[in-house]
Amino acid sequence: MQMQPHYLLLPANRAFITFTLASAFLLDVLPWGRMAGVPDFLALVLVFWNIHQPRMVGIGIAFLFGLLMDVHDAALLGEHALAYTLLSYGAISMHRRVPWFRMPGQMLHVLPLFVLTQLATMLVRMAVGGAFPGWSWFLQAFSCTLLWPVADWLLLAPQRRAVDRDENRPI
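So, how was this worked out
- Residues numbered from 1 in each chain as written.
- Predicted model: local features only at pLDDT ≥ 70, side-chain atom pairs only at ≥ 80, totals over all residues.
- Heavy atoms only, no water.
- Core = buried A, V, L, I, M, F, W, Y, C linked by side-chain atoms within 4.5 Å.
- Buried < 20%, exposed > 50% of the residue type's maximum accessible area, 1.4 Å probe, protein only.
- Helix = DSSP H or I, 4+ residues; strand = E, 2+ residues; numbered from the N terminus.
- Contact = heavy atoms within 4.5 Å.
- Phe/Tyr/Trp six-rings, centres within 6.5 Å; stacked < 30°, edge-to-face > 60°.
- Expected span 1.5 Å × (residues − 1).
- Salt bridge = Lys/Arg side-chain N within 4 Å of Asp/Glu carboxyl O.
- Axes fitted to C-alpha atoms, helices over the stretch in contact; angles between N-to-C directions.
- Parallel < 35°, antiparallel > 145°, perpendicular 65-115°, else oblique.
- Left-handed = near helix turned anticlockwise from the far one by under 90°.
- Patch = residues over 30% accessible without salt bridge, like charges linked within 9 Å, V, L, I, M, F, W, Y side chains within 5 Å.
- Areas by Shrake-Rupley, 256 points an atom, 1.4 Å probe, with all protein chains shown as cover.

Draft legend 1. The arrangement of the nonpolar core in detail. The biggest cluster of nonpolar side chains holds 34 residues, and the ones touching the most others in it are L21, L42, V47, W49, Y84, F114 and W148. Of all elements in the fold, only α1 (14-28), α2 (41-52), α3 (59-73), α4 (79-93), α5 (103-127), α6 (139-146) and α7 (148-156) reach the threshold of two or more residues within this core. It is α2 that provides the largest number of residues to this core, a total of ten residues. With sequence-adjacent residues up to four places away left out, L21 is seen in contact with L42, V45, L46, W49, V57, I61 and F65.

As structure tokens, this is what we get:
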């Protein structure tokens, strides 16, 4: 069994974090973002940065993006804001634990976060008179969890140092 190399990570670039959050928001506002089973890219990226950079991306950023999603969806103001705030709180509360696990363990840690986010949004909608959307409503949480390894690989790629350090490169 071949061991994967352990990477030393460079500090996260604030511009890259902003770019990834903005890109995830733009992916969520596309027309296919309302279909059942389509992942919530913004929630995925928020959880990732809350776990890996909790001082740069916190609950306030999640609340602001939640308000933007509420305005976009013409939803009850604060619906997504509440869900993303709870999501960020949960991710920040376990930000020291999750990176120690291998990928299946990380996925098992983030799945309840995504399910609880979907549950919070559903309960708010039902509290104001909406109907139960059906069990397919929770497919979004599972699709976000299945994308967790891809997000981990893509979002950490700019921070990885080379395993075999070259003396001609500064880092």
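Structure shown, so let's carry the discussion forward.
Draft legend 2. Quick look at the packing of aromatic side chains. For the structure shown, the criterion picks out six aromatic pairs. Judged by centre distance (6.2 Å) and plane angle (85°), the rings of F16 and W49 are edge-to-face. Of this pair, F16 sits in helix α1 while W49 sits in helix α2, and the two are 33 residues apart along the sequence. Their ring planes at 55° and their centres at 5.9 Å tell us that F48 and W148 sit as a pair that is tilted. With F48 in helix α2 and W148 in helix α7, this residue pair connects regions lying 100 residues apart in the sequence. The exposure class of F48 is buried, given its relative accessible area of 0%. The exposure class assigned to W148 is buried, which follows from its relative accessible area of 0%. An aromatic cluster is defined as three or more aromatic residues linked by ring pairs; in this entry it consists of F16, F48, W49 and W148.

Draft legend 3. Geometry of the side chain of T145. Tracing the backbone through its elements, the reader meets T145 in helix α6. With relative accessibility at 6%, the residue T145 sits in the buried group. If we skip the residues at most four places from it in the chain, T145 touches M107, V110, L111 and F114.

Draft legend 4. Representation of α4 in the model. Taking 1.5 Å of rise per residue, the 15 residues of α4 would be expected to cover 21 Å, and the 21 Å separating its terminal C-alpha atoms lies within 8% of that figure. Contacts made by the buried residues of α4 are with α1, α2, α3 and α5.

Draft legend 5. Representation of the pattern of salt bridges. Using the criterion set out here, one finds one salt bridge in the structure. Notably, a salt bridge pairs E79 with R125, separated by 2.5 Å at the nearest N-O pair. Of this pair, E79 sits in helix α4 while R125 sits in helix α5, and the two are 46 residues apart along the sequence.

Draft legend 6. View of the packing of α2 against α5. Contact geometry of α2 with α5 gives a least axis separation of 11 Å together with a crossing angle of 130°. The pairing of α2 with α5 is recorded here as oblique in orientation. Like other packed secondary-structure pairs, α2 and α5 cross with a definite hand, here right-handed. Taking contact as the criterion, the partners of A43, L44, V47 and I51 in α2 are, on α5, V110, L113 and F114.

Draft legend 7. Fine view of a nonpolar patch on the surface. A cluster of nonpolar residues, L27, L30, W32 and M35, forms a patch on the protein surface that exposes about 350 Å² of accessible area. Along the polypeptide, L30 turns up in the loop between α1 and α2.

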